[in-house]
Structure formats: structure tokens, C-alpha cells
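Here is how the chains run, residue by residue.
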Amino acid sequence: MRTQGKFKVSGKTKMEIAIYAAVCVAILLVPVFLNDAFLLNKYARYLVLSMLAIALSLSWGYCGILNLGQATTFGLGSYCMAMALKLKTIPVHTGADGLPDFMVWNNLPELPWFWKPFYSMTFGVAAGILVPVLFAALLGWFMFRGRITGVYAAIITLAAMVVVQLLIIDQQAYPGRFTRLTDLAQFDVAGFAFDAYGSASYYLVAICLTVSLFLALAITKSKAGLIAQAIRDQEDRVRFFGYDVASYKIFIFAASAAIAGLAGMLYTIVMEFASPTFLGGEFSPLENANVHPAKLAAELARHAHDIGVEIHEQTRVLSLHGQDDEPLQLETERGTVTAARAALCTNVFPSPVRRYRPYVVPVWDHVLVTEPLSTAQRKAIGWSGRQGVGDAGN
């Protein structure tokens, strides 16, 4: 509130500022106590999604705009950053004259005109905020000048999101289609690189979250923010008082888009790719591991032999018979084996017990094999941790 030409901050606002500041300080202190690159990257992703939640809260919670298409501005910001980072990628990842790889695959002779400004990282960062803002302002102008509210605004924002997604997917040669923009360079400022799994990227996200949080707080406490909240509660009454309701809603809608666009750029930095269909790839060193199938089988056989298990290879089980409380009879090509118990470890091959066969489904995947890579080649492609790649769809 304003008193004699000066702003007076209420006690409630002071308490909110103190709580927000305490939370942000705690977030900034996480790398001091956590020395784990994988977890830092995961927490950075959570903070980015928190920024998206702030953007949604600003438009939906404080202005009553049922925005179901917030992912549109998030994705536009993500793609702007990805395009700038893609053009910074080392030449081994691209075609002639630095043409992005997917454009080479689609036989494009040269870089499209709308890609060329993204050679400038400054332009890429600015576009990551301005493009979502302009998109939201234009969409908001049509909606709010037409006094579209409630569920109809929700339908329009959701439809706009689907349209943008389909445009990106259909234009395969330009934005990389649903296969996403990958092989991105690290984001850097004045020669300082932000490793996606380093503390620098975490601090970058945490600082942007702090700025976004206090910016949103300042907006909600301003005159425009108070009018926006009044519009949320009684839009017609605010209009009868002479306020331009559409302008205030467009402003909040665009401010929300700016925060979402910033969050999208940061998501590209910490995830190292952008896609209209995939949210992310999970780097999971704690829950998964790579194994060599032949070496795994040989080691299991060695351990079984050491504890007294007799192994008979080339002995296919043709059938299995047995009744309750009776020994099992395993018919093989070379004779019959009698055992008290049998473990059916047939991998993806059909079980000798017919009633179990419907419960076993073979799952296959492609395996890519290359010649051993040299140290220089590994360094060039950035694959230094011997990571494996798996399809979560399986």
C-alpha cells in the first residue's frame, strides 16, 4: 500500500518475503551438502518445474485464467535455447558448414533463415523469453478482447498447445520433428560453461527460480496484481468500475509466459535436449547397470559350480512331469532327470509347462555395435561415463 507518496509494506507481506527468502537460501545451500552430480541434476529439474508451477499459479491462481496450454510457452522457450545450443555444437555432430545433423538427413541444402539469428546466444536467450511472451500476448488479445473466459479459455489454450505441437512434429526438416533436438553444446557465458551435472547449472536454475518467485510476488502485490485478483473474483464488477479488464489479463498472461519460457530454456540446459513429445531421458546410475550377457552367463555358471551345482550343457528339456508330493521327471534328449524341485529359467523361450507360456512375452531391442573408440573419439562425442541407453517403453 502507498502512504504519503511512499510504499508501505504490510506485516503479512514482510512475513511472506521472509519465508520465501528462507526457502530460496535453503535451495541455494543444497550443493554445499550434496556432492552427487546425478542428484544435483535431478533436483535442478525439480526446480525448473517449480518455476513452471509459479507461472501457472500467476495466470490461473491469481487471475483466474484457466490456462491448460502453459506447456506451449514452456516448450517455445525450450526450443529457442535448444536451437542456439545446437548451432554451438562441435562439428563432428553436424553436417557441412555446421548444418545440424537432422537437416542433413532431410536433404536441406542450407540453414533456414529463421535459424540463422540463433548463432547469437544473446538472441537465443532473448527469444526464449520474448517468443513465449509474444505468443501469449497475441493469443490473449484474441481471447480477452473477445471476453472469452472460463472453460472456453481452457479449450482455446489447450487447442493452441496441440496446434503448436503438431506444427513442430510435422515440420520434420526444421525443428527435428518428434525425435527432438539432441547433441547440444553446453550453455556458456563469457567462456564459463554450465555442465548439466555440475553445481553451476544448479545454481543457475536456483537463482532464476528465486528471481521468478520474487518477481511473481511483486506482481501480485502491485496494483495490477490486486486488480487481477479482483478480476478473478468478479470480472464484471471490475469492468463496471472502468478498468480495462482485457489489458490486465493480457499482462498477467504474458508475464506467466515469460516465466514459463525461462523455465523451458533452463530445462533444455539441464536435460541437454528439447522435444515436443518426450519430457526427458532418465540418467539412472543408482538403479540400473550395464552387463555383458556372455560374461554374465559365464560368471553365473562359475559361481554355481563353486557352490556344488552340476551343469549339463546341450541338454534340452523336452517335457516335465510330476504330481503333488512326488519327484519331478524332466525328459531330455539324453535321458531323464529326477529332481525334488525345478526352476524354470527359460529366458524368453517357451516354458516346458504349457500353462505358464501365456505369461512369458519375448521383448527385443536393437543393439548397436561399433569398433572400439579411441580416447579422442570418446572425448569428442562426450560419452565418457560408459553409459548405456535403454528404451523405457520396454
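Bear in mind that the values here come from a model prediction, so they are computed numbers and not experimental data.

## Structural notes on the pattern of salt bridges
Reasoning step 1: Evaluated as defined, the whole model comprises eight salt bridges.
Reasoning step 2: Between lysine 249 and glutamate 235 there is a salt bridge whose closest N-O contact spans 3.2 Å. Highlighted residues: lysine 249 in helix H11 (residues 245–271) and glutamate 235 in helix H10 (residues 235–240), separated in sequence by 14 residues. For the residue pair lysine 249 and glutamate 235, the accessibility class agrees, reading buried in each case.
Reasoning step 3: The partner of aspartate 236 in a salt bridge is arginine 239, with the nearest N and O atoms 3.1 Å apart. Taken together, the residues aspartate 236 and arginine 239, both in helix H10 and three residues apart, mark about one turn of the helix.
Reasoning step 4: We classify aspartate 236 as partly exposed; its relative accessible area is 47%.
Reasoning step 5: One salt-bridge network, held together by shared partners, links Glu235, Asp236, Arg239 and Lys249.

## A few points about the packing of aromatic side chains
Reasoning step 1: Summed over all chains, the structure comprises eleven aromatic pairs.
Reasoning step 2: With 6.2 Å between their ring centres and 75 degrees between their planes, tyrosine 202 and tyrosine 203 make a pair best called edge-to-face.
Reasoning step 3: By way of ring pairs, the aromatic residues Phe187, Phe192 and Phe194 are connected into one cluster.

## Let's talk about the environment of glycine 140
Reasoning step 1: Position of glycine 140 among the secondary structure elements: in helix H6 (residues 121–145).
Reasoning step 2: Setting aside residues no more than four positions away along its own chain, glycine 140 makes contact with Arg145, Ile250 and Phe253.

## Some words on the nonpolar core
Reasoning step 1: Ranked by size, the top nonpolar core spans 74 residues in total, and within it Trp115, Leu181, Phe187 and Leu266 carry the most contacts.
Reasoning step 2: Elements that contribute at least two residues to this core include exactly helix H1 (11–28), helix H3 (37–61), helix H4 (70–86), helix H5 (101–105), H6, helix H7 (150–170), helix H8 (199–221) and H11.
Reasoning step 3: Take this core: its biggest share by element is 16 residues, from H11.
Reasoning step 4: Grouped together as the second largest cluster of nonpolar side chains are six residues, Ile227, Val238, Val245 and Tyr248 included.

## Considering the sheet that holds strand E6 (residues 328–332)
Reasoning step 1: If you walk across this open sheet you meet the three strands as E5-E6-E7, and the pairing is antiparallel. With partners counted over all chains shown, the strands left at the sheet margins are strand E5 (317–321) and strand E7 (335–339), one partner each. On average, each strand axis in the sheet is inclined to that of its neighbour by 20 degrees, with strand direction left out of account.
Reasoning step 2: Here four bridges tie E5 to E6, and the two strands are oriented antiparallel to one another.

The rules behind each value
- Residues numbered from 1 in each chain as written.
- Predicted model: local features only at pLDDT ≥ 70, side-chain atom pairs only at ≥ 80, totals over all residues.
- Heavy atoms only, no water.
- Salt bridge = Lys/Arg side-chain N within 4 Å of Asp/Glu carboxyl O.
- Helix = DSSP H or I, 4+ residues; strand = E, 2+ residues; numbered from the N terminus.
- Buried < 20%, exposed > 50% of the residue type's maximum accessible area, 1.4 Å probe, protein only.
- Phe/Tyr/Trp six-rings, centres within 6.5 Å; stacked < 30°, edge-to-face > 60°.
- Contact = heavy atoms within 4.5 Å.
- Core = buried A, V, L, I, M, F, W, Y, C linked by side-chain atoms within 4.5 Å.
- Pairing = 2+ DSSP bridges.
- Axes fitted to C-alpha atoms, helices over the stretch in contact; angles between N-to-C directions.

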